[in-house]
Amino acid sequence: MSTETQSLPVTPLKAGALVDASAIGAAGAVDKTFLLDQFATHGAILVKGLGLDPQGFVDFTEMFLSDFMEYVGGANNDRGSAFGGSATVLTVTGGNTLGQAIPLHGEMFYTTYRPATLFFCCQRPADENGETTICDGIKLWAALPQEMKDQFEAKKIRYRRIYKDDAWTKVYKTDDLEAVKKICADTGEEFVDHGDGTFDTIHIDTAYADVAAGRAFINSMIVWASREYIAKLDDSQVRWEDGSPIDPQMIMAIHKIAESITENIAWEPGMVALVDNRRVMHGRRAYEDKGRDIIMRLSLETPLAA
Ligand SMILES: [Fe+2]
């Protein structure tokens, strides 16, 4: 392998960029520095041509980072191991949300204990549809009307997760309420104990994040509003910090602006995606093919320089 910096073909997308590594053909031969430069510039990169199987995906991710999260405390309690019993290689295609569209969101933005970096790898795309979506929060912030930006700069937002039954035992992978209280204390969430084994968690945060490349609109507002107002689920609420409602019309307007700058990832088997979860939101188009197989790893860390 040459020690010179590779220059692979890069195609900028509506969000992120596509790197064609077909000429390389092996993950171990990819120039990490080149990929990181593209990742820093675009916030997300899709790399095709490496033909990664689950072990190849593990090796690829560990070129960049060494610590990966187990999925504890997340909203999707049906995530399981996707590879060899590893607790850090997760499937995104199981559970009761099978096939539904998922609106754009930052991963786990309802807690401070959240990944900085997401890695996705396609083992098998859906026959049709089922694309993962990405939207660069920096482009989205720039596209928002000034009066919206003024509101988000003046007011934080409040996420309330409502646990009415024992669903929390799956989310937190424990049946010890004290352990959940400790996680919340460690991550800065308010734990609202109803005294009967049910509780709420509350997290307050800005709707945007400032990263080296600029200010990004990234949060879980759109997906939470869709759960509450469209799916009519009562397990989560997003409000302004003072508890007053965020105008659903405004959230819908943001959704429409975001859609205009959202890229649908055209998955190919073995394709991998790196997503900066401090900047780029992701989601999923609906699909019906039960054979869709996308795996992921999450890390609290970023491979990018501060
Ligand atoms: Fe997600």
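Residues numbered from 1 in each chain as written. Predicted model: local features only at pLDDT ≥ 70, side-chain atom pairs only at ≥ 80, totals over all residues.

## Considering the overall build of the protein chain
If you tally the helices and strands in the protein chain, you get 8 helices and 17 strands. Taken against the 2.2 N^0.38 rule, which gives 19 Å for 306 residues, the C-alpha radius of gyration of the protein chain at 19 Å falls within 12% of a compact globule. Overall, the protein chain is about 60 × 45 × 40 Å in size when its C-alpha atoms are taken along their principal axes. Across the 306 residues of the protein chain, 41% fall into the buried class. The long-range share in the protein chain, meaning contacts at least 24 apart out of those at least 6 apart in sequence, stands at 79%. (Helix = DSSP H or I, 4+ residues; strand = E, 2+ residues; numbered from the N terminus. Rg over C-alpha atoms; globule rule 2.2 N^0.38 Å. Buried ≥ 20, exposed ≤ 12 C-beta atoms within 10 Å, placed from the backbone. Contact = placed C-beta atoms within 7 Å.)

## With respect to the sheet that holds strand β4 (residues 90-91)
Pairing is mixed in the open sheet, where 7 strands are placed in the order β1-β2-β3-β15-β6-β17-β4. In the strand order of this sheet, the two ends are held by β1 (10-12) and β4, each with one partner. Pairing of strand β6 (residues 117-124) with strand β15 (residues 272-276) involves 5 bridges; the strand directions are antiparallel. Residue pairing in the sheet places Phe119 in a bridge with Leu274 of β15. (Pairing = 2+ DSSP bridges.)

## Observations concerning the packing of helix α7 (residues 221-230) against helix α8 (residues 248-260)
Between α7 and α8, the shortest axis-to-axis distance is 10 Å and the interhelical angle comes to 130°. For the element pair α7 / α8, the angle class is oblique. In this structure, the crossing between α7 and α8 has a hand that is left-handed. Note on element contacts: α8 touches α7 through Pro248, Ile251, Ile254 and His255, opposite Met221, Ile222, Ala225 and Tyr229. When the residues that make up the contact of α7 with α8 are grouped by side-chain class, the tally is 7 nonpolar, 1 polar and no charged. (Axes fitted to C-alpha atoms, helices over the stretch in contact; angles between N-to-C directions. Parallel < 35°, antiparallel > 145°, perpendicular 65-115°, else oblique. Left-handed = near helix turned anticlockwise from the far one by under 90°. Nonpolar A, V, L, I, M, F, W, Y, C, P; charged D, E, K, R; others polar.)

## Brief notes about the sheet that holds strand β5 (residues 102-105)
The strand order across the open sheet built from 4 strands is β5-β16-β7-β14, with neighbouring strands paired in antiparallel fashion. Strand pairing shows two members of the sheet lacking a second neighbour, β5 and β14 (263-265), which therefore form its edges. Each strand axis lies, on average, 20° off the axis of its neighbour in the sheet, ignoring direction. As judged from the 2 bridges shared by β5 and strand β16 (residues 280-284), these two strands associate in the antiparallel manner. Across the sheet, His105 pairs through a bridge with His282, a residue of β16.

## Digging into helix α1 (residues 32-42)
All of the buried residues along α1 are Leu35, Gln38, Phe39 and His42. Buried residues of α1 fall within an arc of 100° about the axis and therefore sit on the same side. Looking at the buried residues of α1, the elements they touch are β1, β2 (17-20), β3 (44-48) and β15. Gly43, located one to two residues past α1, shows a positive phi value of around 80°. (Arc of directions from axis to C-beta.)

## Quick look at unusual backbone geometry
One non-glycine residue, Met108, adopts positive backbone phi at about 60°. Mapping Met108 onto the fold places it in the loop between β5 and β6. Even without being a glycine, Lys232 presents a positive backbone phi close to 60°. As for its placement among the helices and strands, Lys232 is situated in the loop between α7 and β13 (236-240). Take Lys232: there are 7 C-beta atoms within 10 Å of it, and that puts it in the exposed class.

## Some points on the nonpolar core
One finds Val47, Val272 and Met296 to be the most contacted residues of the largest nonpolar core, which totals 68 residues. Not counting chain neighbours up to four residues away, the residues in contact with Met296 comprise Leu90, Val92, Leu118, Phe119 and Phe120. (Core = buried A, V, L, I, M, F, W, Y, C linked by C-beta atoms within 7 Å.)

## Quick look at the domain arrangement of the protein chain
Once the domains are mapped, the protein chain shows domain 1 (10-135 + 264-299) and domain 2 (139-258). At the junction of the two partners, domain 1 supplies 20 residues and domain 2 supplies 27 residues. Looking at which element gives the most residues to the side of domain 1 that touches domain 2, the answer is β5, with 4 residues. Classifying every residue of the side of domain 1 that touches domain 2 by side-chain character gives 10 nonpolar, 8 polar and 2 charged. (Domains from an automatic or database assignment.)

## Overview of the environment of Arg158
Secondary-structure assignment places Arg158 in strand β8 (residues 157-163). Sequence spacing of Arg158 and Ala207 is 49 residues, and the spatial spacing of their C-alpha atoms is 9.5 Å. In contact with Arg158, not counting residues within four places along its chain, are Ile202, Ile204, Arg239, Trp240, Glu241 and Gly243.

## Let's talk about the environment of Lys170
Residue placement: Lys170 occurs in helix α5 (residues 167-171). When the 13 C-beta atoms within 10 Å are taken as the criterion, Lys170 is described as partly exposed. Taking the C-alpha atoms as reference, Lys170 lies 15 Å from Leu90; in sequence the two are 80 residues apart.

## What to know about the environment of Ala26
Within the secondary structure, Ala26 sits in the loop between β2 and α1. On the neighbour-count criterion, Ala26 (13 C-beta atoms within 10 Å) is partly exposed. As a C-alpha pair, Ala26 and Leu52 span 26 residues in sequence and 8.4 Å in three-dimensional space.

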